[in-house]
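Overview (structure and organization)
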Amino acid sequence: MHQQRLSKVKNKSAAAVQITAEQLLREAQERSTESATQIPPKQKIADLEELNDYRLKKRKGFEDAIRKNRNHVGTWIKYAAWEESQGELERARSVLERSLDIEHRNHTLWIKYAELEMRHKNVNMARNIFDRAVAILPRADVFWYKYAYMEEVLDNVAGARQVFERWMAWEPAEDAWLAYIKLEKRYNENEKARSVFQRFVGCHPQAKNWLKWAKFEEGIGRIDYAREIYEKCIESLGEDHVDQNVYISFAKFETRLKEIDRARAIYKYALSKLPKSRAENLHNVYSQFEKQYGGREGIEDVIVTKRRIKYEEEISANSKDYDVWFDYTRLEESTGEVDRIRDCYERAIAEVPLTKEKRFWRRYIYLWLFYAVWEENIAKDYERARKIYTECLNLIPHKLFTFGKVWLSFAKFLIRQNDFGGFRKALGTSIGMCPKDKLFRGYIELELRLQEVDRVRTLHEKYLTWNPHNSAAWVRYAGVERSVGDMERCRAIFEIAVSQDSLEMPEVLWKAYIDMEIEEEEYSNAKQLYERLLQRSEHVKVWIAYARFEYGNAENGDSASDRLAAVRVIFNRAYEALRKRNEKADRAFLVETWREFEKSFGDADGVKEVEAKIPRLVKKRRKVLDEDGRGDTGIWEEYNDYLFPDDEKERPNLKLFEMAHAWKEKLKMGLVDSDDEESEDDSEGESGTVEETSGKRKAAELSAEEFLNQV
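Not measured: the values here are computed from a predicted model.

For the protein, the count of helices and strands is 38 helices and two strands. Out of the 711 residues in the protein, the part that is buried amounts to 38%. Here the contacts in the protein between residues at least 6 apart in sequence split such that 48% fall between residues at least 24 apart. Surface summary for the protein: the accessible area is close to 43500 Å², and the carbon and sulfur share equals 49%.

Encoded structure:
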């Protein structure tokens, strides 16, 4: 097949006149507009024959259009309007009737048909058309509106009312009822309007419709009816469906009537019934109301109500949040309403922790205590307070844990009620069931206040039998005996205490024993106690306390020199003891204390002698061992060490040894050469003894390893 060769475009440059797509569209629009605006030529009809020909031609055109699409409503309407313009009313009716046979549910056809009859003042015909329309389409509101409006224009109010009555039988929307009510209000038929409102709220019982009725009654001056409508609205809708706007409108209605107390009661009732999510605007309106008409109490009441709703929401989210319950109960206590306070406390204590662990009960148990204290001090209901304490104690699982504060609070309550037998029975039960230090201490303190010394002794014996390692208990027991003047029993108790194998904080016990002897001016006994204590513990603080005691010991003489000599003896003993035990930090602390003492009470020679013992602080390094203390971690740490003059005299070559050891370490790490020995020796700024100089010369001749071995 022969393939034709395509012709090539030789000139590819742009044309001189460019045509864009926008230009094409604009020209098309202009041409269509011109064709649409062309006025058809006027046709002049000279005689009846030409008129009949014209009418026949137009009717034929309309009929042809209807045969093509008989469901096109616009064609029917134009056809009927043309027949009406020709004065052919019967033909126009015929056209509309034919259209209704085809499209009887079309609202426009019915409206055009009725308007046709009304234009020609055929009222009965128009009524007939509207009756047919509302019978076929009773839910089409436009027919009812047009029908009622036509009757009202004709001043046939009874007919319009009859139309509305027929319409209301179908229970239409709210606008239809309001239109009927407006009709009655225009003709001042208030009783009939009230009857329509009554049927209206029965058909549409929304809150806004009740408010419209109440506003209508208020507008015509029927105040009693308006108040009754508000009350019926709240009663019929129920608390679940009443909107906050009902209460606000009701309260504002009472405010306009100067019924301030009624309005306040409505606000309070609404706030107590509605949740916060549905009463946000109500709170603001109530606050404005109280600021305008109320006093300080009213404003506080608004604040309390807001906080109460807030706490209720938090509790509904987490009922085991006891901090919220604390705040809630305090809020209710501030109001002073006994029933509300009790109800709040009962709800709070009903929220028992789910787990029987003491940490979950610590906050909860205070709710019981606060409840009981309130009943006793504020409500003055002592039997109820006793019952609260009893229920609380029965609720606590004492085999797992207990709360001493509850037992002691109950005991103090019974004492205030003069029930001493009950108080002792309660605390005896607590000690037998769940003994603890706090219970013993509290029980003993109460008996001491009652001056029952024999009972206190018995309790102390039981306490120390249960826990003989408690030093504070021994001290308190001895203090009781001392307070009654029985020093023999006091010393015997102290002796038994210090003879115990293991004690908690024995220093407290020894200090109390020694202080007791000093206060009784038994200095020899106190000195013996210090000596006995030093046999058990040569702690530096014990030595310092012993030395201070010797300075105040009257048995050492009245002169300061005698007492100072005794003190120096103790300090010297302490210094030597700590030196033997190689406790350098304690020895340094002792020397510092000794020097301060000499400056305060001694002389210059004593100060000079002590200053000669003051150590020198140096920094050293040591290897860090592993957790077992055996392996080397390869880590070095710095630490502070004390060099005492006494120790340096005993070891004169100590400094030389340290220098040689440091030089060896540097040599191993390659930081110095063997030729730098002389420079290192010259760099030492301190002058040594003759033995140190000879040692340096010897170290220069020998190798480092040999010199260290000889040292």
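Quick look at the confidence of the model for the protein now. Per-residue confidence for the protein averages 84 on the pLDDT scale, and 89% of its residues sit at or above 70. Scored below 50 in pLDDT, residues 674–711 makes 28 contacts in the model with residues more than four places away or belonging to other chains.

The topology assignment puts Arg55 in helix H2 (residues 48–68). When its relative accessible area of 15% is taken as the criterion, Arg55 is described as buried. In this structure, Arg55 is in contact with Trp82, Gln86 and Glu88, ignoring residues within four places of it in sequence.

Tallied over the full model, the rule gives 47 aromatic pairs. Seen from their ring centres, Trp361 and Phe401 are 5.7 Å apart, and the 65 degrees between their planes marks the pair as edge-to-face. Of this pair, Trp361 sits in helix H19 (residues 358–361) while Phe401 is found in the loop between helix H21 (382–395) and helix H22 (404–416), placing the two residues 40 residues apart along the sequence. Across the pair, exposure class does not vary: Trp361 and Phe401 are buried alike. Among the aromatic residues, those joined into a ring-pair cluster are Trp177, Phe197, Phe200, Trp210, Trp213 and Phe216.

Now for the nonpolar core. In terms of nonpolar packing, the biggest core is built from 100 residues, with Trp325, Leu367, Val406, Phe423, Leu427, Phe494 and Leu590 touching the most fellow members. Among all residues touching Leu367, those that are not within four sequence positions of it are Tyr322, Trp325, Phe326, Tyr345, Ala348 and Ile349. Membership of the second largest hydrophobic core comes to 78 residues, among which are Ala148, Ala160, Ile181 and Trp210.

Negative charge collects at one region of the surface, where Asp47, Glu49, Glu50 and Asp53 lie side by side. Its place among the elements puts Glu50 in helix H2. Taking relative accessible area as the criterion, Glu50 reaches 35% and is therefore assigned partly exposed.

Time to look at the packing of helix H5 (residues 107–119) against helix H7 (residues 141–153). For the pair H5 and H7, interaxial distance at closest approach is 11 Å and the crossing angle is 10 degrees. One finds that H5 runs roughly parallel with respect to H7. Here His107, Trp110, Ile111, Glu115 and Met118 of H5 come into contact with H7, specifically with Val142, Phe143, Lys146 and Met150. Classifying every residue of the contact of H5 with H7 by side-chain character gives six nonpolar, one polar and two charged.

Criteria and thresholds
Residues numbered from 1 in each chain as written. Predicted model: local features only at pLDDT ≥ 70, side-chain atom pairs only at ≥ 80, totals over all residues. Heavy atoms only, no water. Helix = DSSP H or I, 4+ residues; strand = E, 2+ residues; numbered from the N terminus. Buried < 20%, exposed > 50% of the residue type's maximum accessible area, 1.4 Å probe, protein only. Contact = heavy atoms within 4.5 Å. Areas by Shrake-Rupley, 256 points an atom, 1.4 Å probe, with all protein chains shown as cover. pLDDT = per-residue confidence, 0-100. Phe/Tyr/Trp six-rings, centres within 6.5 Å; stacked < 30°, edge-to-face > 60°. Core = buried A, V, L, I, M, F, W, Y, C linked by side-chain atoms within 4.5 Å. Patch = residues over 30% accessible without salt bridge, like charges linked within 9 Å, V, L, I, M, F, W, Y side chains within 5 Å. Salt bridge = Lys/Arg side-chain N within 4 Å of Asp/Glu carboxyl O. Lys, Arg positive; Asp, Glu negative; His and termini not counted. Charge placed at Lys NZ, Arg CZ, Asp CG, Glu CD. Axes fitted to C-alpha atoms, helices over the stretch in contact; angles between N-to-C directions. Parallel < 35°, antiparallel > 145°, perpendicular 65-115°, else oblique. Nonpolar A, V, L, I, M, F, W, Y, C, P; charged D, E, K, R; others polar.

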